[in-house]
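Here are the chains, one letter per residue:
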Amino acid sequence: MIQIYDEIDPELLDKVEAVVLNKSNTAAEELLEYAEKFKGIETAQSENKLAWRTADCHERLKYALVKGVTDFIEEDVEEARKNCDRSLDVIEGPLMDGMKLVGDLFGEGKMFLPQVVKSARVMKKAVSFLLPYIEAEKAGNKSSRAGKIIFATVKGDVHDIGKNIVAVVLACNNFEVIDLGVMVPCEKILQAAQREKADIIAVSGLITPSLEEMAHLAEEMERAGFIIPLLIGGATTSKVHTAIKIAPKYSKGVVYVPDASKAVEVARKLVAPTGKDKYLAEINEEYQQVRETYAGVNRKLVSLAEARNHRLQINRSKANITAPNFLGIKKLENFHIAELRKFINWTFFFAAWDMRAAYPKIMEDPKYGAEANKLFADAHKMLDTFEKEHILTANAVFGIFPANSSDDDIEVYDPLDNNRLLTTFNMLRQQVAGQANEYRCLADYLAPKTSGVKDYIGGFIITAGIGAHDYSAALKAKGDDYSALMVKLLADRLAEAFAELLHQRVRKVYWGYAEEENLSIEDLFKGECTGIRPAFGYPSLRDHTEKEKLFELLNGYGIGVSLTESFMMEPAASVCGLYFSAKEAKYFNINKIDREQFVDYLKRNGRTSDELTKSLGSVLHFN
Ligand code: B12
C-alpha cells in the first residue's frame, strides 16, 4: 500500500526563523548547508510524493481516485485498458474499486465532501477518456450500473447546489444519474422516468412552495401508476413533512434523505433485487409512527384576538425614532467582490460542504483541519479569479420609506408625499401559546398609524449570482464538479456577505440610526447589531409571495433579479428582506397559524387560498 506525507521539517523552520530574526550569523551558513540537505529531502519527499507512481496500475488508479489526483489519470487508464479485454472492464474493475473505497470512507466520515467531489472529477476524466473506446466496442456491452436515477429540482425552485452534490456522490457510487436541472415541471420528470426506464425519481427543493410541488408529483405518480420509489431531499424538506404531506399520496415508496452521505445507502437499498420491499415496509411503518406522534401532539394556539391583545408593546414615540439620512431608493451595482470578501461567513461556507465546525477553529480541527485548509485555499483562489476576470456581478437595490403599522399590516408611504400609499405588506402574528404570553408580529416594530407618529421601514434585494450559473456550468461541462460547486457556494456566501455589509451601511450611514456602531465581523455574524433584516420566507416573514410587493416597490427587476412562479429569485445566490430599526426588534418564529388567521390574512392579502396555501404550507395548522 502506498503512503505519502508532506510535513515541513520543524528543525528547518527554526533555522529559517533564526535567520529571519537575525538571531545568529552561524544560522545563515547552517541554513544554506541545511537547504542543500533539504533539497535532498524535498526531492526525496517529492519523489516520495510520487512514490505511488511505482505501484501497479490498479493501485495507482485507486490512489488517484481517493486522493483526487487528475495528473496521470489518462496514462494510467490507458495502461489499464491495454490489460483488459473490454474498456468497460477498467470502469467496472479498478475505477469502481476506487470509487467504492471513496464511498465507504465518505460513509464512515473518514473522507469529506470536498474530497468526494474531487474524486468524482478524477472519475469523470477517466470515464470520458474511455467512452470512445467503449462506444467502439459497444456490441453486447451491457453496463452494470447500480441503477438509473432521474434527478430534478422541482418547478419554481432554482436551487441546485444540494441536488448537484447528491448527484455527484450517487454517480461516484455507480448510479447513472440523469439530471434534469432546476424548475422542472412534474410532467417532464414523469416523462423522463418512463423514457429512461428509471429505477428511482429524486427531487430537491429549498423553499416551502417546493414542498407542495413534491406532494403534487407524488400524487401524479400514483395517478399514472408508477411503481418506482420517490426520493425527497433539500434544505426545507423533513421527515415529518414527507411522512405527513407526501408519502400518503404515493403507495410505491417515498423516502426522505437528510444529506448526501445517506443518499447512497438509501438508493442502494431501493435498487437491491431482494430487500427493497422489506426496506420500504420499514419506512412506511416509521412514517406511520411519525404521523401518529404528530397527530398526538396537542399544539395549543391562542385565538387571533387574544394574540393581538398580547402583542409586543413598544414605545415608538418620536423620541425613539431616528429619521433616516436618506429616503427613497438607491442601487449599488457592480459591487467590488474584494469588499464583500471581508464579510464572508466562512462557518456557513464549510457547513455547505458538510464540514460542520466553526471558522476559524475548523482550520486547526484534528478531524477537518487538513481538508479545511485546502478548501479554504481553493476558495480564495476562486475569489481571486472572480475579481481578476470579473466572473460575478453583485448588484443591490435598497430603499427607506416612511411607514406605519395598521394592525398586522405595514403601510409604506411615498417619501415625497407621505399621504400616498406605495404598498402594504401583510404580516402574520404568532399564535402558538407560549410562556411569555406575548405574540409577536413584525408590524409591532413600527409606530401604529393611529399614533400619528411617523415611522420608517427599509427593504433590500441583493444578488451576487449574476454570471455564476454559466461559469459553473462551463466547469461542470469540463467534468470539474468540484470547481463548479465552489463557484455556486461562493456566490451564495457573497450574497449573504453583501446583505451583511449593506445592512451595516444602512444602520450607520443611509438611515444612520446606529452611527456610533462599532461591531466586529464576528459580532455581526452573531446578530449583535440594533435592528433586524428579516428575509421573506424566513420564520418571522413566512409568506414568499410578499416578495412581489418588494420587487415592485424597489423595482428589483432592474438589478438583474427575477421571481419564478414560486416566488424564488433568479439568480439563486440572491436574498431580499425588510429593515426594522427598533432596538426592541428581534427575530421570532411563526410556527403555526389557525384557520381564523389564515382567513383574516386572505382578506387583507387578496391572493387566492391556493396561492397562499402553497406559500405558507406547513405553517397552516388546520385541515
Ligand atoms: C445557505 C442558505 C441560503 C443561501 C444559498 C441557498 C442555497 N443555494 O443553498 C442563500 C443565501 C442564497 C439563500 C437564499 C434564500 N433562502 Co436560504 N437558506 C440557506 C440555509 C442557511 C442552508 C441551506 C444549505 O445548506 N445549502 C447548502 C446545500 C449544500 O445544502 P442543501 O440544499 O440542504 O442540500 C443538502 C441536503 O439537503 C441534501 N439534499 C438536497 N437536495 C436533495 C435531494 C435528494 C433527492 C436527496 C436524497 C438529498 C438532497 O443533500 C445536500 C448535501 O448534503 C438554509 C437553512 C438550513 N439550515 O437548511 C436556509 C433556507 C433554506 N433559506 C430559506 C429562505 C427563505 C431563503 C430566501 C427566500 C430568503 C430571502 N428572502 O432572501 C432566499 C431564496 C433565494 C432565492 N434564490 O430565491 C429558508 C426556507 C424556508 C422555507 N421553508 O421556505 C431556510 C430553510 C431558512 C429558514 N430557516 O427559514 N439561502
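Note that residues are indexed from 1 along each chain, following the sequence as it is written. The predicted nature of this model means local features are confined to residues of pLDDT at least 70 and side-chain atom pairs, given and counted, to a pLDDT of 80 or more, with totals for whole chains, interfaces and linings taken over all residues. Hydrogens are left out, water is left out, and the side-chain values use all remaining heavy atoms of the structure.

A.B. asks: What is the right way to read empty space enclosed by the protein from this model?
C.D. replies: A water-sized probe rolled over the atoms picks out the places where empty space is left. Site definitions follow a grid-based scheme: protein atoms alone, a 1 Å grid, a 1.4 Å probe that fits but cannot get out for cavities, and for pockets an open set with protein on both sides within 12 Å along at least five of seven lines, plus lining residues having an atom within 4 Å of a point. Grid points are joined across faces, edges and corners, and a volume is the space filled by probe spheres set on the points. Taken as a whole and assessed by the stated rule, the structure comprises 1 cavity of 30 Å³ or more. Computed from the structure, the largest cavity encloses a volume of approximately 40 Å³. Every residue along the wall of the largest cavity is listed here: Asn-426, Met-427, Leu-428, Ser-540, Leu-541, Arg-542, Asp-543, Glu-546 and Tyr-601. Side-chain classes follow a simple rule in which Ala, Val, Leu, Ile, Met, Phe, Trp, Tyr, Cys and Pro form the nonpolar group, Asp, Glu, Lys and Arg form the charged group, and the remainder, Gly included, forms the polar group. Per-class residue counts for the lining of the largest cavity are 4 nonpolar, 2 polar and 3 charged.

A.B. asks: When you look at the pairing of strand 9 (residues 417-426) in this model, what are you seeing that I'm missing?
C.D. replies: Two strands pair if DSSP finds at least two bridges between them. Runs of E in the DSSP output that reach at least two residues are strands. Runs of H or I that reach at least four are helices, and both are numbered from the N terminus. Judged from the 6 bridges that link them, strand 8 (residues 409-414) and strand 9 form a sheet pairing that is antiparallel. Paired with Val-412 across the two strands is Thr-423, which belongs to strand 9. Between the antiparallel neighbours strand 8 and strand 9 lie 2 residues.

A.B. asks: Is there a simple way to think about the sheet that holds strand 2 (residues 175-179) in this case?
C.D. replies: Sheets are built from strands that pair by backbone hydrogen bonding, the pairs being arranged parallel or antiparallel. Strand order in the open sheet formed by 5 strands is 2-1-3-4-5, and the pairing between neighbours is parallel. At either margin of the open sheet sits one strand with a lone partner, and together these are strand 2 and strand 5 (254-256). Mean inter-strand twist for the sheet, computed between neighbouring axes without regard to direction, equals 25°. Two strands pair when backbone bridges link them, and strand 1 (residues 147-153) and strand 3 (residues 200-204) are joined in this way by 5 bridges, in the parallel orientation. Directly across from Phe-151, in strand 3, lies its bridge partner Ala-202. Every axis corresponds to a line fitted to the C-alpha atoms, with the helix fit spanning only the stretch in contact, and the corresponding angles, defined between N-to-C directions, vary from 0 to 180 degrees.

A.B. asks: Can you walk me through the pattern of salt bridges in this structure?
C.D. replies: Pairing of side chains with opposite charge becomes possible as their charged atoms draw close. In what follows, salt bridge is the name for a side-chain nitrogen of Lys or Arg lying within 4 Å of a carboxyl oxygen of Asp or Glu. In total, this model carries 52 salt bridges according to the counting rule given. Glu-220 is the salt-bridge partner of Arg-223, the closest N and O atoms lying 2.4 Å from each other. Taken together, the residues span about one helical turn, with Arg-223 and Glu-220 both in helix 9 (residues 208-223) at a distance of 3 residues. In this structure, the salt-bridge partner of Asp-600 is Arg-308, at a minimum N-O distance of 2.9 Å. Separated by 292 residues along the polypeptide, Asp-600 in helix 21 (residues 595-605) and Arg-308 in helix 13 (residues 304-309) bring together distant segments of the chain. Per-residue accessibility, obtained with a 1.4 Å probe over protein chains only, is compared with the maximum for each type, and a residue is labelled buried under 20%, exposed over 50%, and partly exposed between these values. Classification of Asp-600 as buried rests on a relative accessible area of 17%. The structure contains a network of salt bridges with shared partners spanning Arg-308, Arg-311, Asp-408, Asp-409, Arg-429, Asp-444, Asp-600 and Arg-604.

A.B. asks: Please clarify how the site of the ligand should be interpreted in this entry.
C.D. replies: Note on terminology: near, applied to a residue and a molecule or strand, indicates that one of the residue's heavy atoms is within 4 Å of it. As a matter of local geometry, the ligand sits amid 44 residues, with Ser-204, Thr-208, Thr-236, Phe-536 and Met-569 nearest to it. Contacts to the ligand include Ser-204, whose side-chain N or O atom sits 2.7 Å from a nitrogen atom. Taking Thr-236, its side chain carries an N or O atom lying 2.6 Å from a nitrogen atom of the ligand. Secondary structure elements with two or more residues in the shell around the ligand: helix 7 (161-172), strand 3, strand 4 (230-233), helix 15 (346-352), helix 18 (481-510) and strand 13 (574-579). With 5 residues, the top contributor of residues to the shell around the ligand is helix 7. Residues belonging to the shell around the ligand are distributed by class as follows: 27 nonpolar, 10 polar and 7 charged. By the criterion applied in these results, polar contacts are pairs of N or O atoms within 3.5 Å in which, for protein atoms, one can donate a hydrogen and the other can accept it, and in which residues neighboring in sequence qualify only through two side-chain atoms.

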